Amino acid sequence: MSTTAPPAPKREDAPAQLSSWHHPQLPRRSGWVALAIAVVLTSALHAGLGLALIPSLLAGWAVVVVGFPLLSYAVEGRRKAFDRLVTVVVSSAFALAMVPLVSILWTVVKNGLPVLAPEFFSYSMRNVVGEGGGIYHAIWGTVIITAATAAMSVPLGLLTAIYLVEYGGDGRLAKAIRFLVDVMTGIPSIVAGLFAYALFVVFFGPGVRMGFAGAVALTVLMTPVVVRSSEEMLQLVPNELREAAYALGVPRWRTIVKVVLPTAMAGLVTGITLAVARVIGETAPLLITVGITDSTNFNLFDGRMATLPVFTYSSIMSPGVPPEPSIARAWGAALVLMLIVMALNLVARLVTYFFSPKDKR
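All values derive from a computational prediction rather than experimental measurement.

> So what exactly am I meant to see when it comes to the overall build of the protein here?
Counting secondary structure elements, the protein contains 14 helices and 0 strands. Helices and strands appear in the protein in the N-to-C order α-α-α-α-α-α-α-α-α-α-α-α-α-α. Its C-alpha atoms give the protein a radius of gyration of 30 Å, clearly above 21 Å, the size a compact globule of 361 residues would have. Along the first, second and third principal axes, the C-alpha set of the protein runs to 115 × 80 × 35 Å. For the protein, with 361 residues in total, the buried portion stands at 36%. A sequence separation of at least 24 residues applies to 69% of the contacts in the protein between residues at least 6 apart. Roughly 22,300 Å² of accessible area belongs to the protein as shown, and the carbon and sulfur atoms make up 69% of that amount. Of the side chains in the protein, 26 bear a positive and 18 a negative charge, and the two mean positions are spaced by 4 Å.

> When you look at the packing of aromatic side chains in this model, what are you seeing that I'm missing?
Working definition: an aromatic ring pair is given by the centre-to-centre distance plus the angle between the planes. Summed over all chains, the structure comprises 5 aromatic pairs. Three or more aromatic residues link up through ring pairs in this structure, and these residues are Phe200, Phe204, Phe212 and Phe301.

> Sorry, what's going on with the side chain of Thr42 here?
Locating Thr42 in the fold gives a position in helix 1 (residues 30-48). Once you skip the residues sitting within four places of it in the chain, Thr42 turns out to touch Ser56, Leu57 and Gly60.

> Looking at this structure, how should I read the environment of Ser91?
Tracing the chain through its elements places Ser91 in helix 3 (residues 78-112). According to the relative accessible area criterion, Ser91 is partly exposed, its value standing at 41%. Residues Ser91 and Pro118 lie 27 residues apart in sequence; the distance between their C-alpha atoms is 42 Å. In terms of polar contacts, Ser91 uses its side chain to reach the backbone carbonyl oxygen of Thr87, at 2.8 Å.

> Sorry if this is basic, but what is going on with the packing of helix 13 (residues 308-317) against helix 14 (residues 324-355) here?
If you want to describe how two helices pack, look at the angle between their axes and the distance between the axes. Closest axis-to-axis distance for the helix 13/helix 14 pair is 8 Å, and the angle between their directions is 155°. As far as their axial angle goes, helix 14 and helix 13 are roughly antiparallel. Here the hand of the crossing between helix 13 and helix 14 comes out left-handed. The segment helix 13 lies against helix 14, with Leu308, Pro309, Phe311, Thr312, Ser315 and Ile316 engaging Ser326, Ile327, Arg329, Ala330, Ala333, Ala334, Val336, Leu337 and Ile340. Its residues assigned to classes, the contact of helix 13 with helix 14 shows 11 nonpolar, 3 polar and 1 charged.

> Got a minute to help me understand the pattern of salt bridges in this structure?
A side chain with one charge may pair with a side chain of the opposite charge, provided their charged atoms come close. Scanning all chains against the criterion turns up 5 salt bridges. For Glu166, the salt bridge goes to Arg242, with nearest N and O atoms at 2.8 Å. In this pair, Glu166 sits in helix 5 (residues 136-168) while Arg242 sits in helix 9 (residues 239-247), placing the two residues 76 residues apart along the sequence. With relative accessibility at 10%, the residue Glu166 sits in the buried group. Taking the relative accessible area as the measure of exposure, Arg242 reaches 8% and is therefore buried. Note that Asp182 is salt-bridged to Arg228, the shortest N-O span being 3.7 Å. Here Arg228 lies in helix 8 (residues 211-235) and Asp182 lies in helix 6 (residues 172-185), a separation of 46 residues in the sequence.

Rules used throughout
- Residues numbered from 1 in each chain as written.
- Predicted model: local features only at pLDDT ≥ 70, side-chain atom pairs only at ≥ 80, totals over all residues.
- Heavy atoms only, no water.
- Helix = DSSP H or I, 4+ residues; strand = E, 2+ residues; numbered from the N terminus.
- Rg over C-alpha atoms; globule rule 2.2 N^0.38 Å.
- Buried < 20%, exposed > 50% of the residue type's maximum accessible area, 1.4 Å probe, protein only.
- Contact = heavy atoms within 4.5 Å.
- Areas by Shrake-Rupley, 256 points an atom, 1.4 Å probe, with all protein chains shown as cover.
- Lys, Arg positive; Asp, Glu negative; His and termini not counted.
- Charge placed at Lys NZ, Arg CZ, Asp CG, Glu CD.
- Phe/Tyr/Trp six-rings, centres within 6.5 Å; stacked < 30°, edge-to-face > 60°.
- Polar contact = N/O pair within 3.5 Å; in protein donor to acceptor, adjacent residues only side chain to side chain.
- Axes fitted to C-alpha atoms, helices over the stretch in contact; angles between N-to-C directions.
- Parallel < 35°, antiparallel > 145°, perpendicular 65-115°, else oblique.
- Left-handed = near helix turned anticlockwise from the far one by under 90°.
- Nonpolar A, V, L, I, M, F, W, Y, C, P; charged D, E, K, R; others polar.
- Salt bridge = Lys/Arg side-chain N within 4 Å of Asp/Glu carboxyl O.

Laid out in structure tokens, this is it:
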């Protein structure tokens, strides 16, 4: 009797591919070629035919936004042509949004760079009329007032965020605090300056001007930013870390200090740095509470202090005779302030990079 096994069932063939034929495609760099054609056409219309710049740009853009998708439709089909049309529109919107930013950067650098010199950073405006002088007093005023603002805002904002995340939860007090923080985030800077001025008028009388009043005004603006950014970072800490610490008998306050804060340190430092960059360029609150002076003042509680934003504003609004040196100093101060803000943003990015997990860099 044969014991041979029955033949194995015939293995079904894998589904055949729909087709080995593919639609032809434009070269990978066809988008850059279309952009180059648009640039050449714009230059020819503007420089060669004397057409105005805006119509020339619109004509070059029309070639890309119409001709490139039509070419794609003829070669690649409707789906790919629509994709390229959307890509051109989105890229055009991005380029249009970048125009004001690039224009501002170029204008400030072009007008402010010739002013930058060692004397510009080492001299104040005391007894200076016309050419000469610098922003030494304004730099120190900005540093001192910003440091005082951070010294008040960071502990207050960080402790508030810790309460909201670790203790408040969804309680009524926590909801009320979140609501007030959201309201404070939208307060105009001039209102913060008026609040600080009115507060100090009660204690020191009308006409009071001092650096500490400016620090209080900036604290009103900076604290809600620190609260919101810190709260978001603390909420990203996994609850498993807290539960593991509680299971070992660690008190809540020690868990926060030893586990939660070190885990969220990169995000906390980044948020605080960006909050400092947000208030360091404020002008209206400092113009009301601190004023302007030509001398260097290191005392927060005595007299006026110069800051870079207010120095720039006053140099433009009251340039003196002749006005050219004062306007040039204003451009230089604006460039220095812009470089400081850019440096703070770069520091925030570096902190985020170096303190983030290696697999997320």
